[in-house]
Amino acid sequence: MTLAQHLDPTTLRQVFGAFPTGVTAVAGLVAGEPIGLAANSFTSVSLDPPLVSVCIATTSGSWPLLRCVPRIGISVLASGHEDMCRRLASRTADRFAGLPWWSTDDGAVLLAGASAWLECSPHREIVAGDHHLALLSVHRLAFDADTAPLVFHASRFRRLAD
Ligand SMILES: Cc1cc2nc3c(=O)[nH]c(=O)nc-3n(C[C@H](O)[C@H](O)[C@H](O)COP(=O)(O)O)c2cc1C
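Notes on the structure in this doc start here. (Residues numbered from 1 in each chain as written. Predicted model: local features only at pLDDT ≥ 70, side-chain atom pairs only at ≥ 80, totals over all residues. Heavy atoms only, no water.)

## Focus on the site of the ligand
So, point 1. Around the ligand lies a shell of 17 residues, among which S41, C55, S60, G61 and S62 are the nearest.
So, point 2. Here a nitrogen atom of the ligand and a backbone polar atom of C55 are 2.8 Å apart.
So, point 3. Its atoms largely coinciding with the cavity grid, the ligand occupies the largest pocket.
So, point 4. Of all the secondary-structure elements, those providing two or more residues to the shell around the ligand are β2 (33–39) and β4 (51–57).
So, point 5. When grouped by side-chain class, the residues that make up the shell around the ligand number nine nonpolar, six polar and two charged. (Near = heavy atom within 4 Å. Polar contact = N/O pair within 3.5 Å; in protein donor to acceptor, adjacent residues only side chain to side chain. 1 Å grid on protein atoms, 1.4 Å probe; cavity = no way out; pocket = protein on both sides within 12 Å on 5 of 7 lines; lining within 4 Å. Sits in = over half its atoms within 2 Å of the grid points. Helix = DSSP H or I, 4+ residues; strand = E, 2+ residues; numbered from the N terminus. Nonpolar A, V, L, I, M, F, W, Y, C, P; charged D, E, K, R; others polar.)

See the structure below:
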């Protein structure tokens, strides 16, 4: 195996995309309206204190608003949420119209039917190249062990096999 030395964006995307992930909806209430986006960069970071991270492109229109809200909801999208995910990544004015979202008392926006839910707040953030690496503190959480997650791999949605 010869390792490529030319780190062009296409090769980087292909190699990064060889790592299968779940997909999350990262969302919060901004002036009473749900704002958020689809993100597969969600990662668990620390148990004590409870921390997770997401990487958000510096071009994101949502993040400058989300980073200022007291609570950010993270929903782990479920198998069958492919259309919901596309919607949350689209340029549609109101991504949440028609989606089964609800908000916590503190303004985290979560999606019904997900595999897991976390209520978080911004903890620390660094600029990492063309992304913001955002560490989030976890305040409350829940999961549904019977709901299989959506899987993203090689730029395609997939489902876990039994
Ligand atoms: C499966 C999937 C995963 C994605 N993961 C991320 C991610 O981790 N970080 C990111 O910044 N954008 C990610 N995106 C792209 C954003 O959802 C998309 O660019 C969105 O339009 C950004 O919206 P905004 O400009 O309102 O923030 C992903 C899109 C898809 C379909």
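## Considering the layout of surface pockets
So, point 1. There is about 1400 Å³ of room inside the largest pocket.
So, point 2. As for the largest pocket, its lining consists of 34 residues, of which R13, N40, S41, C55 and H131 are closest to the centre.
So, point 3. Sorting the residues of the lining of the largest pocket by element identifies α1 (9–16), β2, β4, α3 (82–88) and β10 (150–153) as the ones contributing at least two each.
So, point 4. Broken down by element, the residue count for the lining of the largest pocket peaks at four residues, all from α1.
So, point 5. Across the lining of the largest pocket, the residue classes tally to 18 nonpolar, 12 polar and four charged.
So, point 6. Lining the second largest pocket, in full, are E33, P34, I35, G36, S62, R91, T92, A93, D94, R95 and F96. (Points joined across faces, edges and corners; volume = space filled by probe spheres on them.)

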